[in-house]
Amino acid sequence: VRAVPEKAKEDDDDGEDAEDDDEEDTGEGESKTNQPPAAPPSLRVVFLDIDGVLNTRPDPRLVHIEGGPCAMLHRLLAASGAKLVLSSPWRRHHTYIAQVLANFCVFGETTDE
């Protein structure tokens, strides 16, 4: 029980008791204890511009890939679970680039064909 001065009681009197408000809040709080559904896992993406990163001698006719940067890219993709998106003009030749990167084990084990 709390003591409220008469003046405060008159100002606070809006036809509802303050205790009733507290009871309503408690009832609403109980429904909030239910956990919301789990969020779907987020998609991780690495946007790669090959020229200057993996293609160390940019030439519009061919790709010269270095093994060291490919190994680092492989570790990044493996650790993060990210997907790779080409964001360079080489994306028009995605099948060729995918094969070159696969030859350097960027996506995991090499495939024997």
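Residues numbered from 1 in each chain as written. Predicted model: local features only at pLDDT ≥ 70, side-chain atom pairs only at ≥ 80, totals over all residues. Heavy atoms only, no water.

Considerations on the confidence of the model for the protein
Detailed conclusions should not be drawn from predicted coordinates in areas where pLDDT is low.
Next up, step 1: Overall, the predicted model of the protein reaches an average pLDDT of 76, with 65% of residues at or above 70.
Next up, step 2: Considering each helix and strand of the protein separately, the mean pLDDT is smallest for helix α2 (residues 18-31), with a value of 50, and largest for helix α3 (residues 67-80), with 93. (pLDDT = per-residue confidence, 0-100. Helix = DSSP H or I, 4+ residues; strand = E, 2+ residues; numbered from the N terminus.)

Remarks on the pairing of strand β2 (residues 83-86)
Next up, step 1: Strand direction decides the pairing type here: strand β1 (residues 45-48) and β2, joined by 4 bridges, are parallel. Bridge assignment links Phe47 to a residue of β2, and that residue is Val85.
Next up, step 2: Handedness of the β-α-β unit built from β1, α3 and β2 comes out right-handed. (Pairing = 2+ DSSP bridges. Right-handed = clockwise from strand over helix to strand, strands pointing away.)

Observations concerning the side chain of Asn55
Next up, step 1: Locating Asn55 in the fold gives a position in the loop between β1 and α3.
Next up, step 2: A polar contact of 2.8 Å, which involves the side chain of Asn55, links it to the side chain of Asp51. (Polar contact = N/O pair within 3.5 Å; in protein donor to acceptor, adjacent residues only side chain to side chain.)

Some details on the nonpolar core
Next up, step 1: In this structure, Ile50, Leu54, Ile65 and Ile97 are the most contacted members of the largest nonpolar core, which totals 16 residues.
Next up, step 2: Listed by contribution, the elements that provide at least two residues to this core are β1, α3 and α4 (94-103).
Next up, step 3: Leave out the neighbours within four places in its chain, and Ile65 touches Ile50, Leu54, Asn55, Cys70, Val100 and Phe104. (Core = buried A, V, L, I, M, F, W, Y, C linked by side-chain atoms within 4.5 Å. Buried < 20%, exposed > 50% of the residue type's maximum accessible area, 1.4 Å probe, protein only. Contact = heavy atoms within 4.5 Å.)

Here we look at the packing of aromatic side chains
Next up, step 1: In the structure shown here, the tally under the stated rule is 1 aromatic pair.
Next up, step 2: Between Trp90 and Tyr96, the ring centres sit 6.5 Å apart and the planes meet at 45°, which makes this aromatic pair tilted.
Next up, step 3: When its relative accessible area of 8% is taken as the criterion, Trp90 is described as buried. (Phe/Tyr/Trp six-rings, centres within 6.5 Å; stacked < 30°, edge-to-face > 60°.)

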